Amino acid sequence: MTAQVDYLVALFTATSGASGELLGSDERELGHLVWQLVDVKNKELGRVNEILIKPDLSDPTEEREEEDVTEESVEEENGSGADCVSTAATFEAALNLFNLQLTNEVNSMGTGTSVCLCTDGQLHIRQVIHPQAASKNILLPDCFYSFLDLRKEFRNHFPTSDLKALNLHSMAESLSTPVDVPATWDPSATPDPSVPLPPEMAVTQVKAMGSIVLALLSEPLCHNFSNPERVSEKFETGTCSKMEKVCDSTVIRARGLPWQSSDQDIARFFRGLNIAKGGAALCLNAQGRRNGEALVRFVSEEHRDLALQRHKHHMGNRYIEVYKATGEDFLKIAGGTSNEAAMFLSREDQIIVRMRGLPFTATHEQVLAFFSPADGLKEPCPVSGGKDGILFVRYPDGRPTGDAFVLFACEEHAQCALRKHKEILGRRYIELFKSTAAEVQQVLNRYSSAPLIPVAPAPLVSMLPAVSLLPPPGGVRDCLRLRGLPYTASIEDILAFLGEFTHDIRPHGVHMVLNQQGRPSGDCFIQMTSAERALQASQRLHKQVMCSQRGANSRYVEVFPCSSEEMGLVLMGGSLSHTHTHTHSRSRSGTGLSPPPCKSRRLSPPSYSFAPAPPVLPTDAAALYPPIGQVLLAPRPLPPGHAYYPGAAQLYMNYTAYYPSPPGSPTTVGFFPSPSSLSSPGGLVRMPGLTYSSNGVKDLISAVQGYQYVPEDALMHAHGAVHAHDPARTLLTQPKEWVCI
């Protein structure tokens with residue numbers, strides 16, 4: 001808009017909650033809508049109109065059509081000073097009444113038709129009107145999508161003024177404009193923004209705005225109101241290059257989004273604020289699924305600051321956390337370098353659908369046939385652009401990943417396509433999800449990049465300090481570790497399970513372990529008064545059943561003694577990972593422990609050093625079993641541990657703390673003592689690689705049929721399944737069977 005408008009509408013809103021600079025930050029509904037028409041050409045003020053909105057305390061389904069609007073002209077009873085006071089039952093009714101009254105008053109003056117709203121700051125339109133309309137799915141009149149900020153218009157003539165410090169009283173003083181204020185209000189005092197504004201102050205603020213507008217229009221300023229602020233009506237999708245520069249002061253991170261939310265839902269949550277083109281990027285986890293977070297880029301720092309005020313506002317039944325983020329964070333998610341993706345996303349106003357679980361041999365023709373209407377169905381969902389509207393995701397070597405993105409011309413076709421969710425293509429069912437341009441970039445970046453977990457070069461690892469994070473061996477095992485607790489177990493359930501050993505617990509000695517989501521992990525540490533009682537408790541309670549008072553489930557619980565150093569290491573390291581438990585247990589040290597999570601990899605040593613393993617058999621006993629006895633006399637030391645990845649490496653995985661169990665594993669790594677006595681001279685046979693579903697001794701006896709052995713001397717020593725990443729340790733960490741024949 002370049003020409004001067006005919007009319008300005010000085011608009012002021014007030015809610016039942018915070019006011020001033022915190023207006024709209026508490027999601028309180030609109031309670032007062034006060035406005036006054038200003039004739040720009042004739043420099044005249046119209047009447048002051050006030051619309052009171054009743055709080056909705058009744059059943060929303062109740063019919064209230066006859067009571068929606070009630071006009072009153074009882075200025076004396078109201079006492080607010082408005083010329084016309086009206087009451088509306090709902091927010092939508094108040095907007096309709098405002099539009100109707102404004103149109104009638106403009107038509108009655110008859111000197112022009114162009115109208116623009118004028119507010120004291122950005123909050124009234126961006127933080128009150130638009131968010132409330134979005135939450136109620138109300139279509140706003142066109143006049144609410146452009147407005148003039150009186151503070152910015154004033155600063156054009158007074159450049160030294162600070163926008164955040166400006167208010168109507170300071171502007172009126174600078175313009176030498178008299179303002180009528182209530183006798184009970186001190187204009188020089190700083191009002192408390194957390195306190196609701198008195199009803200009569202809304203009318204006073206509008207009258208002050210009208211006087212300031214007339215002062216700006218008059219000589220010597222002769223201001224031209226011609227550059228209004230714009231509110232985006234629709235979120236624009238688009239692409240972002242990794243080479244693009246994104247300012248850190250324009251990006252926020254939203255957390256707690258529903259998993260099915262889209263970029264349009266994010267734009268609706270931030271309605272009233274202008275999001276940059278393609279500026280809503282949903283984040284994915286290590287499995288390629290949405291993790292409830294998004295990075296949003298706004299057009300300016302001012303809009304970013306307003307977005308931060310929506311911290312813990314609600315999207316449906318969920319509150320959304322809003323934090324500051326950086327431009328680098330945004331580029332990691334939304335930035336892309338693929339020309340193929342740029343061509344695919346160059347078509348604007350297209351709906352993107354993600355296909356997951358495709359056969360590796362799937363072709364463009366099969367995808368087109370998948371979305372073509374079957375016999376007897378009339379719902380078409382044609383792919384936009386044919387083959388050009390399909391993008392297969394591939395690894396750097398060209399192998400397909402089973403993912404693809406498909407374009408549709410309109411929302412109707414996309415919804416029809418989504419109804420084919422989990423239908424069969426070839427011999428596999430296909431998952432369909434509504435996607436975004438940023439998700440396309442993110443998936444392509446993930447699969448087209450280097451290996452997901454790159455191996456660290458040796459020189460980088462060797463530069464790390466060789467400091468062991470594990471507790472020293474030989475500590476006093478005066479603590480207990482309980483593993484496999486019911487997830488509903490409470491402290492009372494644990495004390496009931498310990499029984500007589502409850503008296504041996506130190507004060508505040510029960511420590512529940514939570515996972516990364518803050519939920520019980522099924523583990524617990526207990527500090528005992530002595531190592532003897534801890535050992536007795538582990539021997540008596542190991543694999544006993546614990547019942548939970550808050551749930552019907554009951555589970556057997558494993559009980560192991562451990563040291564306070566081991567307990568402290570786990571509680572400091574974070575969460576537990578039963579997935580990796582068997583991967584690392586008894587392959588690192590005698591404690592069965594390994595270091596804190598990968599996210600602390602800056603402190604991780606290149607490997608772990610262990611004391612030399614003592615002989616498993618005495619010298620005289622080892623002489624009976626050559627050549628195995630010589631190996632047991634001098635156990636081969638384990639090779640160095642896995643190298644940790646450098647801090648700069650990009651890991652597309654969930655950081656999880658490795659905590660193998662139990663802490664009370666044998667003090668000798670990887671070796672298990674043979675029986676102390678043998679019934680008769682013979683050979684010792686080791687049988688690695690037995691299946692997990694074996695029936696124990698029966699399978700062993702069946703395997704050695706035809707050989708001379710003493711059945712009662714058949715001994716099986718089965719250790720829990722442990723798989724090491726290092727092939728060199730496989731023989732030491734796989735299930736072992738010792739048979740005496």
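One can find the structure itself at the top, above this paragraph.
These numbers come from a predicted model, not from an experiment.

Rules used in this analysis
Residues numbered from 1 in each chain as written. Predicted model: local features only at pLDDT ≥ 70, side-chain atom pairs only at ≥ 80, totals over all residues. Heavy atoms only, no water. Pairing = 2+ DSSP bridges. Helix = DSSP H or I, 4+ residues; strand = E, 2+ residues; numbered from the N terminus. Axes fitted to C-alpha atoms, helices over the stretch in contact; angles between N-to-C directions. Contact = heavy atoms within 4.5 Å. Salt bridge = Lys/Arg side-chain N within 4 Å of Asp/Glu carboxyl O. Buried < 20%, exposed > 50% of the residue type's maximum accessible area, 1.4 Å probe, protein only. Arc of directions from axis to C-beta. Phe/Tyr/Trp six-rings, centres within 6.5 Å; stacked < 30°, edge-to-face > 60°. Lys NZ or Arg CZ within 6 Å of the ring centre and 35° of its normal. Parallel < 35°, antiparallel > 145°, perpendicular 65-115°, else oblique. Nonpolar A, V, L, I, M, F, W, Y, C, P; charged D, E, K, R; others polar.

Student: What am I meant to see in the sheet that holds strand β26 (residues 554-562) here?
Tutor: Strand pairing in a sheet is mediated by backbone hydrogen bonds. Such pairs are either parallel or antiparallel. One open sheet holds the five strands; their spatial order is β23-β24-β22-β26-β25, and the pairing between them is antiparallel. Whereas interior strands pair on both sides, the edge strands pair on one side only; in this sheet they are β23 (505-514) and β25 (544-547). Averaged over all pairs of adjacent strands, the angle between strand axes in this sheet comes to 30 degrees, irrespective of strand direction. As paired strands, β25 and β26 are joined by four bridges and run antiparallel to one another. Note on β26: the bridge partner recorded for V545 is Y556. Here helix α15 (residues 491-498) sits on the sheet in contact with β22 (479-483), β23, β24 (520-528), β25 and β26, set at roughly 120 degrees to β23. Strand contacts of helix α16 (residues 531-541): β22, β24, β25 and β26, with the helix running at about 150 degrees to β26, the strand carrying the most contacts.

Student: Just to check I follow, could you spell out the pattern of salt bridges for this structure?
Tutor: Opposite charge on two side chains lets them pair, provided their charged atoms get close. Enumeration over the complete set of coordinates arrives at 28 salt bridges. In this structure, E328 engages K332 in a salt bridge whose closest nitrogen and oxygen atoms are separated by 3.9 Å. Linking E328 with K332, this pair stays in helix α9 (residues 327-334), spanning four residues, or about one helical turn. Between R477 and E566 there is a salt bridge, with its nearest N and O atoms 3.7 Å apart. With R477 in the loop between α14 (458-462) and β22 and E566 in helix α17 (residues 564-573), this pair connects stretches of sequence that are 89 residues apart. Several salt bridges converge on common partners, so that one network encompasses R126, K152, E229 and E302.

Student: Is there a simple way to explain unusual backbone geometry in this structure?
Tutor: Negative phi is the rule for most residues except glycine; trans is the rule for most peptide bonds. In this model, E219 is joined to P220 through a cis peptide bond whose omega is 5 degrees. Inspection of the secondary structure puts P220 in the loop between α6 (199-217) and β8 (229-230). Phi is positive for S176, close to 55 degrees, though the residue is something other than glycine. Relative to the elements of secondary structure, S176 occurs in the loop between α5 (168-174) and α6. Assessed through its relative accessible area of 64%, S176 is described here as exposed. The phi dihedral of K312 falls on the positive side, at around 65 degrees, and the residue is not glycine.

Student: Is there a simple way to think about α16 in this case?
Tutor: An α-helical turn contains 3.6 residues, so any two residues separated by three or four positions project in the same direction. Along α16, the residues that are buried comprise A534, A537, S538 and L541. Relative to the axis of α16, the buried residues are bounded by an arc of 95 degrees and lie together on one face. Facing away from the buried surface of α16 by more than 90 degrees, the exposed residues are E532 and Q539. Packed against the buried residues of α16 are β22, α15, β24, β25 and β26. With its phi angle positive at about 65 degrees, K543 sits one or two positions after the end of α16.

Student: I tried to follow the packing of aromatic side chains on my own but got confused; where do I start?
Tutor: For any pair of aromatic rings, the description rests on two quantities: the centre-to-centre distance and the angle between the ring planes. A full pass over the atoms with the stated rule returns eight aromatic pairs. Arranged with centres 5.4 Å apart and planes meeting at 85 degrees, the rings of W35 and F98 form a pair that is edge-to-face. Of the two residues, W35 is situated in strand β2 (residues 30-39) and F98 in helix α2 (residues 91-109); the sequence distance between them amounts to 63 residues. Considered together, W35 and F98 belong to a single accessibility category, that of buried residues. With 5.1 Å between their ring centres and 85 degrees between their planes, F370 and F371 make a pair best called edge-to-face. Judged by relative accessible area, F371 falls into the buried class, the value being 1%. In this structure an aromatic cluster arises from ring pairing among W35, F98 and F144. A cation over a ring is seen here: R555 above Y487, with NZ or CZ 5.8 Å from the ring centre.

Student: Looking at this structure, how should I read the packing of α9 against helix α13 (residues 437-448)?
Tutor: Packed helices, taken two at a time, are described by their axes: the angle between them and the distance between them. Interhelical geometry of α9 versus α13 gives an angle of 80 degrees and a closest axis separation of 7 Å. In terms of their interaxial angle, α9 and α13 are classed as roughly perpendicular. Mapping the contact onto sequence places K332, I333 and A334 in α9 and A438, Q441, Q442 and N445 in α13. Partitioned by chemical class, the residues of the contact of α9 with α13 number three nonpolar, three polar and one charged.

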